[in-house]
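Structure at a glance
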Amino acid sequence: MLLACATLAMPGDTRKAQREYERGIHLEQAGHWQEAYDAFSASLNDEPTAPAYLHRAKTELALELPAKAVDDLTESIRLDPRDPEALRWRSETYSKLGNDRGVIADLTSLFELGVETSALRSQRAAAHAHLGQHQLAVDDYAKAIRLRLDDPAAWMGRGTAYSALGNYRDAIDDFTQVALLKPNDAKAYLERGFAFGQLGEFPRAVEDCDRVLRMEPKNGRALMLRGAAYARLGFYEKSVADFDLAIAINPGEASLYLGRSSVYAAAGENQKALADRIEAVKLRPDSAEALLARGGSYHALGMHEQGLADRTAAIRLKPELPEAWCARGSAYFLLGKYREAADDLNHALRLKPDYQEARNVLAKTQEAIARAEVMEAPPVMAAVSAKPAPEREAAKPVETKPAIAKVAALKPVEPKPAEPVAKVPKPAPIDSKTAEKFAAQHNQAGRELLKQGKYREAVEELSAALEQKPDFTLALNARGFAYYLLKDPKKALADFDEAIRLNPKYLNAYQNRAKARKAAGDAAGGAADEQKIREIAKGS
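Residues numbered from 1 in each chain as written. Predicted model: local features only at pLDDT ≥ 70, side-chain atom pairs only at ≥ 80, totals over all residues. Heavy atoms only, no water.

Structural notes on the overall build of the protein
In terms of helices and strands, the protein carries 27 helices and zero strands. Here the analysis covers contacts within the protein between residues at least 6 apart in sequence; of these, 51% occur between residues at least 24 apart. (Helix = DSSP H or I, 4+ residues; strand = E, 2+ residues; numbered from the N terminus. Contact = heavy atoms within 4.5 Å.)

The following block contains the structure:
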């Protein structure tokens, strides 16, 4: 009898659950979210059903309870695994919670059920992009575009994914399509301008940034990208003006100071570059890139110990960054610590085997080690003299990349002397290989005497180097600078002229000749040399 009574009570519970469910639906439609939530909860207490869990989840989302909504949607899907509405709602909730893997799993289930729209494909593509799966994002956006050709969001998403893959030409095509579908979309022009910059098409990058700034005059990223493009075109004043405006809009953004510092470095204004990089490190003390940039400025100003300290700090922050090891290797090179330099440069190449800059500096380091070993051994004399091979330049401090592309530092920095150096005796006529070794010894001694302020003794040593190797451009440039410091501009200019004749891209010789010309009253000549420096830097 009791069993019968219990059995008779069950339909009443079901009817009550249905009544509460229907009441909840009406309250939900009226926007009374808390009352709707209570009604669905009452329904579920009497009889758990997939629809009641689904609708309670909707009220939870309206009440800003996404974690509870996920729990209810999960229960709804457990009761009805093939309900596309519950899968769609959960995927959107996962998206709000930043659970990209959950988004992908739910949308994949929807596609398997045959539910597919352009918006859903774009949603899964965005989740792939957030996870760094850019090729999968491209594939999904392509399907979204096929489902709806006039959807600018799908074209924009695919262009962004192409850009992340470094496929800038295809990215430009997609951003152009967005601009056709939505002519006032500033973001499409901004991203296309960035892509043009990555391809080295700087005038077109400037044009797109101009369009953005006509629509959004305070768009900081557009100012930053246009400033970087101007720098690569050699328009340093315009570049700095753009970075100034961007910094005024967002004074706490370290990347803007780094971008402007690269322009100052390219223009040879190393003190201003250092000031900006100090500010960048202050804003982002945990940024290895900012430390590397500041280290580059210290080296450019001859402050090699400070530069070395910054690069060591960068390695501590990001030991997996090959640029940090290469930069510290360059710092050791400038300090004359060639063994340590070789160790760091080899480590950079282990991290990045195709790192050409590290390979180039390592080659110069190995040559320096070989020269040092030769200098320690007694010279071998021979009677035959021949023309020596051209001398390679010293390694330059490693510079950082601006927002669009690399702006090279203009002035190579020579290492500081550790101890006063004795003069190297002039050898008798010798063979070309030994002559080159002795020329290197005299050059090194001359440069260190130059840094000790012993200019006349430096001229003597550098002249001895040039007797052994007349086309030794480093020695010519150094002797010219010694003459300049001795206030003998005529002899200084003669040496700089010859160094530039032998190496028409010798930036440091142009810089020194510009100073000497101005000191001699030739302002136009100095300006011409400065213009030549900009042209060489732009083409590097």
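Considerations on the confidence of the model for the protein
With 86% of its residues at a pLDDT of at least 70, the protein reaches an overall mean of 85. Predicted confidence is poor over residues 1–12, with pLDDT under 50, and the contacts of this stretch with residues over four places away or in other chains come to zero contacts. Segment residues 375–398: pLDDT under 50, and 62 contacts once partners within four positions in sequence are set aside and those in other chains are kept. (pLDDT = per-residue confidence, 0-100.)

Examining helix α4 (residues 66–79)
When the terminal C-alpha atoms of α4 are compared, their 20 Å separation across 14 residues agrees well with the 20 Å that a helix rising 1.5 Å per residue should span. The inward-facing, buried residues of α4 contact α3 (50–62) and α5 (84–97). (Expected span 1.5 Å × (residues − 1).)

Considerations on the packing of aromatic side chains
Using the criterion set out here, one finds five aromatic pairs in the structure. Aromatic pair Y230 and F235: ring centres 6.2 Å apart, planes at 70 degrees, arrangement edge-to-face. It is K238 that lies over the ring of F235; its NZ or CZ is 5.4 Å from the centre. In this arrangement the basic side chain of K352 is found over the ring face of Y355, its NZ or CZ atom lying 4.6 Å from the centre. (Phe/Tyr/Trp six-rings, centres within 6.5 Å; stacked < 30°, edge-to-face > 60°. Lys NZ or Arg CZ within 6 Å of the ring centre and 35° of its normal.)

Focus on unusual backbone geometry
A positive phi angle, near 60 degrees, is found at E64, a position not held by glycine. Along the polypeptide, E64 turns up in the loop between α3 and α4. For K487, which is not glycine, the phi dihedral falls at a positive 60 degrees. The topology assignment puts K487 in the loop between α24 (473–485) and α25 (489–502).

So, the pattern of salt bridges
Counted by the stated rule, this structure contains 36 salt bridges. Residues E269 and K272 are paired through a salt bridge, measuring 3.1 Å at the closest nitrogen-oxygen approach. Residue classification places E269 among the partly exposed residues on the basis of a relative accessible area of 33%. What emerges from the salt-bridge pattern is a single network uniting E116, R121, R124 and D140. (Salt bridge = Lys/Arg side-chain N within 4 Å of Asp/Glu carboxyl O. Buried < 20%, exposed > 50% of the residue type's maximum accessible area, 1.4 Å probe, protein only.)

Overview of the environment of L308
One can find L308 in helix α18 (residues 304–317). Contacts of L308, omitting those with residues within four sequence positions, involve H299, R328, A331, Y332 and L335.

Topic: the side chain of S91
Along the chain, the position of S91 falls in helix α5. Apart from the residues lying within four places of it in its own chain, the contact partners of S91 are V103, D106, L107 and Q123.

As for α24
Along its 13 residues, α24 runs 18 Å from first to last C-alpha, staying within 8% of the 18 Å computed at 1.5 Å per residue. By the criterion of burial, α24 is predominantly enclosed, with ten of the 13 residues buried. Turning to α24, its buried residues number three or more, namely T473, L474, A475, L476, N477, A478, R479, G480, A482 and Y483.

Examining the packing of α3 against α4
Angle between the axes and distance between the axes are the two parameters that describe a pair of packed helices. The interhelical angle for the contact between α3 and α4, taken along N-to-C directions, is 165 degrees, at an axis separation of 8 Å. Viewed along their axes, α3 and α4 adopt a mutual orientation that is roughly antiparallel. When the axes of α3 and α4 are compared, the crossing they make is left-handed. Residue-level inspection shows A50, Y53, L54, R56, A57, E60 and L61 of α3 in contact with α4, the latter providing P66, K68, A69, D72, L73, E75, S76 and L79. Counted by class, the contact of α3 with α4 contains nine nonpolar, one polar and five charged residues. (Axes fitted to C-alpha atoms, helices over the stretch in contact; angles between N-to-C directions. Parallel < 35°, antiparallel > 145°, perpendicular 65-115°, else oblique. Left-handed = near helix turned anticlockwise from the far one by under 90°. Nonpolar A, V, L, I, M, F, W, Y, C, P; charged D, E, K, R; others polar.)

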